[in-house]
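# Topology and contacts: notes
The lines below spell out each chain.
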Amino acid sequence: MKLPGPGYRLWLVLLFLAFLPIATGQDEYRVSVLSGAILLGLLGQAWSLMARCGLISLGHAAFFGIGAYGAAVSRTSGFPLIPSLAFGGALALIFSMTFVGLAGRLKGAYFALATLVLAAVPKAVVMNWRSVTGGSEGLFGLPSLGAITILGMEMDPARNRLIEYYMIFFAVFLLASVIWWLVHRSRFGMASSALRIDETAARSLGISPTRYKATAIMASALFTGIGGGLYAFQVRYMEPNYLFSLHFSAIPLVVAIFGGMSTTWGPLIGALILHTLDEFVFRRFFMTSHEILYGLTLTAAILLFPRGIFKAIMKMVGEERIAYR
Amino acid sequence: MFLRLLFLGFSLGTFYALVSLGFSLVFGVTRIFNLAYGELILIGAYVAYWFVRNGLPFVAAFPVSIALLLVAGWIMTHLGFRIRQPYVLNSLLGTLGLAIILQNLYGSLFGGDYHLLNLPSLSGRIDLGLFFVSPGKFAVMVTSLTLIIVTHVFMTYTDTGLRIRATVQNREAALLSGVDVRRMSFLANFLGAALVGMAGPLFVTVHYLYPLAGIEITLLAILITILVGVGRTGAVIIGGIVLGIMESLTAYYLGGEWQEFLIALALILMLIIRPTGLLHGHGEE
């Protein structure tokens, strides 16, 4: 395989990430932090897929929570792991389709405002469908990921080795990244950028805003839903008030904006920096209010480097082109 | 019971109207959807809570709250100049960040508990003939109505008010007619911040106070502003009262947990029915 130009360093970074947990001596806490960062990177990438079309979502907690509940409920009723994750993702996808049908034509800030309240809809369903979702108390004691076989190696998280979790997270993330990277180089990526920059001009070139935007929203919802499922199996309990809170709507967009929302790798870099900072520094010193990190980062990023830290750094090093890959 | 619910909704509605009046004034001149708006109101609410806790008079919270809000408004206006294109979306994200900062600040300063102020001077009951109400609800209603009417009269019948409205409706045309647009924007921001400063301490008497209480107020303010249109000081009160009565009726007959869902539904429906949004009829966007 031909390495893609100067971007090969990024593939090296990924390779490094893949083996990092082994290098850190498989310390459980550190590996779980790294898994969290990878998951956050996935969410950030999914969020930025919409942002690339100029659609700012303030309600990704809706897709995330639907995916988590879908996966958890189907897993507890006996489905295998991967179909459960897919089921959660599919539910999020269906929900996003109804949203697109209702509000897909809204523009700019009005679209963003409509997404702001989106999570209240699945939350009301979860709270009142007690027999399936456990109502406001949530679900506890979910099964873990369970043993699966990847490339002939048996992965069994039940042996309490978080490294397997990490591998599964990393596999999903890698899959998503490759898809994003291909999408970014395709007609779809070009068309979404065109829509973001000037919708009228893009339409005059024959790009249908409705179609491209709908596709972006649905793909974003699908991957956020799968991310929600992974999260459910990692924490193994669900609490609707937390899952559908502003927190899960905010973190994907914070890591994406901090890292650089119009790049494939920006959200991952943002997630790695912010999540490790949160876990190792902020959670220790500001126990009850560690999320202030995400607020500070968001406001600072908007005011100081709205194109993301990744581009800002690459510009400093003089390799700005890499940032666009 | 029904009449009592209507009255409670009415008194809550006047408070909502006051809150959305401040939002609508600032939105009118800045075109920023301030997602930290509810959190700004909580500044005054926490000041009032802290005052009463430490034996200071409740009324003294108002000037302190207004002063803090004016400072906050001044800082935000100056940071706002730094926001780059796409301006509206970036300001939306920037204020969301501010909302998260303030929520966590309240959490670490005052803890995550729910507080409700029980002022001896505002408890007890007044006999209105058909039902009883608490003096607190009455005081909130009278204060809110007074502030709204004063603002309405100022905006409608004074020359400066007319200039502010012109700036809100069409900035370029106002500039061409010789209105000092920058000064009017500053005045509208100032007035908005003062109204928010007044609304803050009132909040603790009508609502439970906790670090995440702001988002609901933000949503209500946006909803009412979309419902009645920007810069319409008179219509705001009708929008507020309609929502207040709706809330008190649904809380009694359906239960409080449906409130968030209903606000969400109302906002999405409003956005779909009036997709041009707040600028409807002003020929923009």
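Cut-off values and rules
Residues numbered from 1 in each chain as written. Chains lettered and ligands numbered in written order. Predicted model: local features only at pLDDT ≥ 70, side-chain atom pairs only at ≥ 80, totals over all residues. Heavy atoms only, no water. Helix = DSSP H or I, 4+ residues; strand = E, 2+ residues; numbered from the N terminus. Rg over C-alpha atoms; globule rule 2.2 N^0.38 Å. Buried < 20%, exposed > 50% of the residue type's maximum accessible area, 1.4 Å probe, protein only. Contact = heavy atoms within 4.5 Å. Areas by Shrake-Rupley, 256 points an atom, 1.4 Å probe, with all protein chains shown as cover. pLDDT = per-residue confidence, 0-100. Arc of directions from axis to C-beta. Core = buried A, V, L, I, M, F, W, Y, C linked by side-chain atoms within 4.5 Å. Buried area = accessible area lost by both parts, 1.4 Å probe. Salt bridge = Lys/Arg side-chain N within 4 Å of Asp/Glu carboxyl O. Polar contact = N/O pair within 3.5 Å; in protein donor to acceptor, adjacent residues only side chain to side chain.

### Comments concerning the overall build of chain B
Counting its regular elements, chain B contains eleven helices and two strands. The order of helices and strands in chain B, counted from the N terminus, is α-α-α-α-β-β-α-α-α-α-α-α-α. Here chain B has a C-alpha radius of gyration of 19 Å; the compact-globule value for 285 residues is 19 Å, and the two agree. When the backbone C-alpha atoms are referred to their principal axes, chain B occupies close to 55 × 40 × 35 Å. Looking at chain B as a whole, 53% of its 285 residues qualify as buried. Expressed as a percentage of contacts within chain B between residues at least 6 apart in sequence, the contacts between residues at least 24 apart total 76%. Accessible surface computed for chain B: about 12,700 Å², of which carbon and sulfur atoms make up 68%.

### Some words on the side chain of B:Asn90
Examined against the element boundaries, B:Asn90 turns out to sit in helix α4 (residues 87-110). What makes B:Asn90 buried here is its relative accessible area of 6%. Setting aside residues up to four positions removed in sequence, B:Asn90 forms contacts with A:Ile302, B:Ile83, B:Arg84 and B:Gln85.

### Some points on the side chain of A:Ser220
By the element assignment, A:Ser220 lies in helix α11 (residues 209-235). Every residue in contact with A:Ser220, bar those within four places of it in the chain, is listed here: A:Ala46, A:Trp47, A:Leu49, A:Met50 and A:His60.

### Structural notes on the confidence of the model for chain B
Residue and element names in this part refer to chain B. Within chain B, residue pLDDT values average 84, and 92% of them lie at 70 or more. Per-element confidence in chain B ranges from a low mean pLDDT of 68 for strand β1 (residues 126-127) to a high of 91 for helix α2 (residues 37-53). For the stretch residues 280-285, pLDDT sits under 50, and the model shows nine contacts to residues farther than four places along the chain or on other chains. Under the prediction, the complex receives an ipTM of 0.83, its pTM being 0.86.

### Looking at helix α6 (residues 159-169) of chain B
Residue and element names in this part refer to chain B. Burial in α6 covers these residues: Gly-161, Ile-164, Thr-167 and Val-168. Looking straight down α6, one finds its buried side chains confined to an arc of 120 degrees; they lie on one side. Those residues of α6 hidden inside the fold are in contact with α1 (2-30), α5 (135-157), α7 (171-176) and α8 (181-206).

### Digging into unusual backbone geometry
Note: most peptide bonds trans; most residues except glycine with negative phi. Positive phi values are uncommon outside glycine, yet B:Arg31 reaches one of about 60 degrees. Residue position: B:Arg31 is located in the loop between α1 and α2.

### Comments concerning the nonpolar core
A:Leu58, A:Leu243, A:Leu253, A:Ile257, B:Phe15 and B:Phe203 are the most contacted members of the largest nonpolar core, which totals 184 residues. The dominant element in this core, judged by the number of residues it contributes, is helix α2 (residues 28-51) of chain A, at 13 residues. Aside from chain neighbours lying at most four places away, what touches B:Phe203 is B:Phe15, B:Ile41, B:Leu42, B:Ala45, B:Tyr208, B:Leu209, B:Ala213 and B:Ile217.

### Re the interface of chain B and chain A
Facing the 38 residues of chain B at the interface are 35 residues of chain A. Approximately 3,400 Å² of surface area, both sides summed, lies buried where chain B meets chain A, with 79% of it carried by carbon and sulfur atoms. Taken together, the connections running from chain B to chain A amount to one salt bridge. Taken together, the connections running from chain B to chain A amount to three residue pairs in polar contact (both at pLDDT 80 or more). Elements represented by at least two residues in the side of chain B that touches chain A include exactly α4, α9 (214-228) and α11 (259-273) of chain B. Considering every element that reaches the side of chain B that touches chain A, the biggest residue donor is α4(B), with 15 residues.

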